[in-house]
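Overview (structure and organization)
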Protein chains: 2
Amino acid sequence: MAASNTQSKEDTPTLPLLLIHRFPSFKLSFFPFLYTKYTVLDQHADPPQTRFADLSKSARLMLCVGPTPVTSADLDRYPAVECILGSCAGFDHFDLAACRRRGIRVTSSGEAFSDDVADYAVGLAIDVLRRVSAANRFVRTGSWPARKEYTLGSKVSGKRVGILGLGNIGWRVAKRFESFNCSIAYNSRKIKSQVPYPYYANVTNLASNSDILVICCALTDETYHVVNKDVLEKLGKTGIIINVGRGSLIDEKELVEFLIRGEIGGAGFDVFEHEPHVPKELLALDNVVLSPHKAVLTPESFAALEELVISNVDAFFSSKPLRAEIELD
Amino acid sequence: MAASNTQSKEDTPTLPLLLIHRFPSFKLSFFPFLYTKYTVLDQHADPPQTRFADLSKSARLMLCVGPTPVTSADLDRYPAVECILGSCAGFDHFDLAACRRRGIRVTSSGEAFSDDVADYAVGLAIDVLRRVSAANRFVRTGSWPARKEYTLGSKVSGKRVGILGLGNIGWRVAKRFESFNCSIAYNSRKIKSQVPYPYYANVTNLASNSDILVICCALTDETYHVVNKDVLEKLGKTGIIINVGRGSLIDEKELVEFLIRGEIGGAGFDVFEHEPHVPKELLALDNVVLSPHKAVLTPESFAALEELVISNVDAFFSSKPLRAEIELD
């Protein structure tokens, strides 16, 4: 469908040009509306779009699918781009400095995925502390009737939750854990004046005062490996860490060592430093829960993203304010 | 330790008699305080207590460990028992009619386990809907780098949660799901006047209006197989069921059929009808999470139970009010 619609419109591009930027493996099937209102330019269209190279030079709006990198070289190829609509919660795949220099506006998925990621973070925390996946393995491998030894987990309610990054997602994580009578503290770039939770300017201090450390900040130059050896030492043997942000927020090699030595209580990973590669040492551990970067993915969140993107494409071409625009300060 | 202490005190039973009723496999190691203040009578002491048969006839207080059944025949053997201290959230293992006839008071674990069970129920629901355990299997079996097909889950936030049994546990389940912006409705024996949630006198109607059905009521003659074919049909293909109550609250055979035919969305089981036997058909399903009746078990809940039991033993012998007494109406 995509290819034929695009091809016909390409011959007479009377509709506004919309440049799609994506990995070849990322499908566009969840954006069918695009083809009815825009001339979609897709580098990976099958069959290829013969006028792609020509028309894409004039495209003012780029829709970036998933975490496909947008480099300075990409922007050289598409010199007319004024705005990039992202479809991820994070924006570490964009060369933001290059965007800033060229005056290109950038959006993220805003709040479209926030509930799902927060739900998943809480699910991972309960799973790690209460050993739900481990219980499931215990039953599925027949260990229950055999009365094999069962390792008890640890209570969730009342724990101290430290949140790294109190944005759209972190705020929702906090709200959910409050209902478990957990106390909340946070670290973020700046203190948030309207937030009732204690603020720690220093992640190590936050870890010292947390039983559950939830990582949901953006990956930037400043936050690369923000969870390092010092932080893990302070979190300690009974502490657990949940990462629903980006793999490189944690020094993964160090965390694996801590887990192997039993110097940290457990971990729930939705993201890894070298996806889809997962350190093989983790596969042998019973106190870790591993997930293939799917915290954002539900049919409902796709629908919310689609609604956001439609709204932003329309807003761009009618010069109205964009939703979920990233501050490029 | 238990046996020698007991044995010495047994010879000169100057301390009040405390009768322990337990399966042989249930350990007493988490009640060390008992041996310092009471003459502990334990049918399964090793070595056996020679005066057990004799002294147990005079015991006024029974401590029942875990779900060990207390039958009318047991009560015939211990004619002086006036009070049974339970250590479970449920009380279906007691012959309550016999207790009522004999004027025996009965307690449960009260709120000692309530937070843990509620936490676990929420964890199971997130796990089933968002497929956390399935994601874990996906990663651990190497399917991620192989780019095998990944089945998406369904959003948790905003779902309609139906709670069967709005007691100590159900109330906490409701409070937690509210923080996920879920709507709550419930069924219980009677409408609760101070509760803001819609009440359904009929479980089938509750199921019709629920996406997540959480079973946390007591097992009684009235609630046996309360989740039957009709209820499952009404819950439907996208509905999920979470059971942290007792296995026999659900017609398990029927539920397994519904799951196999894909006529219900998924299920999280902490309890089963014939524990530790788990229907083998469930082991083949990816949309069920299986747990070996451990929702109550954390070191923290054991500590809370121990505190409750100490307090109730003391209260009994000093004729003070008992905590967590069950109404035998």
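What counts as what
- Residues numbered from 1 in each chain as written.
- Chains lettered and ligands numbered in written order.
- Predicted model: local features only at pLDDT ≥ 70, side-chain atom pairs only at ≥ 80, totals over all residues.
- Heavy atoms only, no water.
- Helix = DSSP H or I, 4+ residues; strand = E, 2+ residues; numbered from the N terminus.
- Buried < 20%, exposed > 50% of the residue type's maximum accessible area, 1.4 Å probe, protein only.
- Contact = heavy atoms within 4.5 Å.
- Areas by Shrake-Rupley, 256 points an atom, 1.4 Å probe, with all protein chains shown as cover.
- Lys, Arg positive; Asp, Glu negative; His and termini not counted.
- Charge placed at Lys NZ, Arg CZ, Asp CG, Glu CD.
- Salt bridge = Lys/Arg side-chain N within 4 Å of Asp/Glu carboxyl O.
- Least-squares fit on C-alpha atoms with pLDDT ≥ 70 in both.
- Polar contact = N/O pair within 3.5 Å; in protein donor to acceptor, adjacent residues only side chain to side chain.
- Buried area = accessible area lost by both parts, 1.4 Å probe.
- Nonpolar A, V, L, I, M, F, W, Y, C, P; charged D, E, K, R; others polar.

**A few points about the overall build of chain A**
Tallying secondary structure elements over chain A gives 13 helices and 11 strands in all. A burial count over chain A gives 57% of its 329 residues as buried. Contacts in chain A between residues at least 24 apart in sequence constitute 61% of all its contacts with a sequence separation of at least 6. For chain A, the accessible surface area stands at approximately 13700 Å², while carbon and sulfur atoms represent 52% of it. Averaging the positions of the 37 positive and the 39 negative side-chain charges in chain A gives two centres separated by 3 Å.

**Considering the pattern of salt bridges**
All names here are of chain A. According to the stated counting rule, one finds 42 salt bridges over all chains in the structure shown. In this structure, the salt-bridge partner of Asp-74 is Arg-77, at a minimum N-O distance of 2.5 Å. Taken together, the residues span about one helical turn, with Asp-74 and Arg-77 both in helix H4 (residues 72–77) at a distance of 3 residues. Because the salt bridges share partners, they merge into one network encompassing Glu-111, Asp-115, Asp-119, Arg-172 and Arg-176.

**Regarding the relation of the copies chain B and chain A**
Superposing chain B onto chain A requires a rotation of 180° together with a translation of 0.0 Å along the rotation axis, leaving an RMSD of 0.1 Å. Expressed as a symmetry operation, the mapping of one chain copy onto the other fits a two-fold axis. By residue overlap, the copies meet face to face through one surface: 100% of the interface positions of chain B are interface positions in chain A.

**Quick look at helix H8 (residues 168–178) of chain B**
For H8 of chain B, the full list of buried residues reads Ile-169, Gly-170, Arg-172, Val-173, Ala-174, Arg-176 and Phe-177 of chain B. Residues of H8 of chain B that are buried in the fold lie against helix H6 (114–130), strand S6 (160–164), strand S7 (183–187) and strand S8 (212–215) of chain B.

**Quick word on the side chain of Asp-74 of chain B**
Residue and element names in this part refer to chain B. Judged by its relative accessible area of 8%, Asp-74 is buried. At 2.9 Å, the side chain of Asp-74 and the backbone nitrogen of Thr-71 are in polar contact. When neighbours within four sequence positions are excluded, Asp-74 is seen to be in contact with His-21 and Pro-69.

**Digging into the interface of chain B and chain A**
Listed as interface residues are 54 residues of chain B and, on the opposing side, 54 residues of chain A. In this assembly, chain B packs against chain A so that about 4800 Å² is buried in total across both faces, 58% of it on carbon and sulfur atoms. Of all residues in chain B, Arg-130, Arg-140 and Trp-144 of chain B give up the largest surface area on contact with chain A, accounting jointly for 17% of the area buried on that side. At the junction of chain B with chain A, the criterion picks out 6 salt bridges. Close ionic contact of Lys-159 of chain B with Glu-300 of chain A constitutes a salt bridge, the shortest N to O distance being 3.2 Å. There are 33 residue pairs in polar contact (both at pLDDT 80 or more) connecting chain B and chain A. When residues of the side of chain B that touches chain A are traced back to their parent elements, those giving at least two are H6, helix H7 (132–140), H8, helix H12 (280–283), strand S11 (288–290) and helix H13 (299–317) of chain B. If one sorts the elements of the side of chain B that touches chain A by residue count, H6 of chain B sits on top with 10 residues. Grouping the constituent residues of the side of chain B that touches chain A by class yields 29 nonpolar, 11 polar and 14 charged.

**Some details on the environment of Arg-140 of chain A**
Residue and element names in this part refer to chain A. Residue placement: Arg-140 occurs in helix H7 (residues 132–140). Along the primary structure Arg-140 and Arg-130 are separated by 10 residues, whereas in three dimensions their C-alpha atoms are 17 Å apart. Here the side chain of Arg-140 touches Asn-136 through a polar contact of 2.8 Å, side chain to side chain.

**Thoughts on the environment of Ala-80 of chain A**
Residues and elements named next belong to chain A. Inspection of the secondary structure assignment puts Ala-80 in the loop between H4 and strand S4 (83–85). Overall, Ala-80 belongs to the partly exposed group, its relative accessible area being 23%. Placed 155 residues apart in sequence, Ala-80 and Leu-235 show a C-alpha to C-alpha distance of 48 Å.

Functional significance is not addressed by these values, which are geometric in nature.
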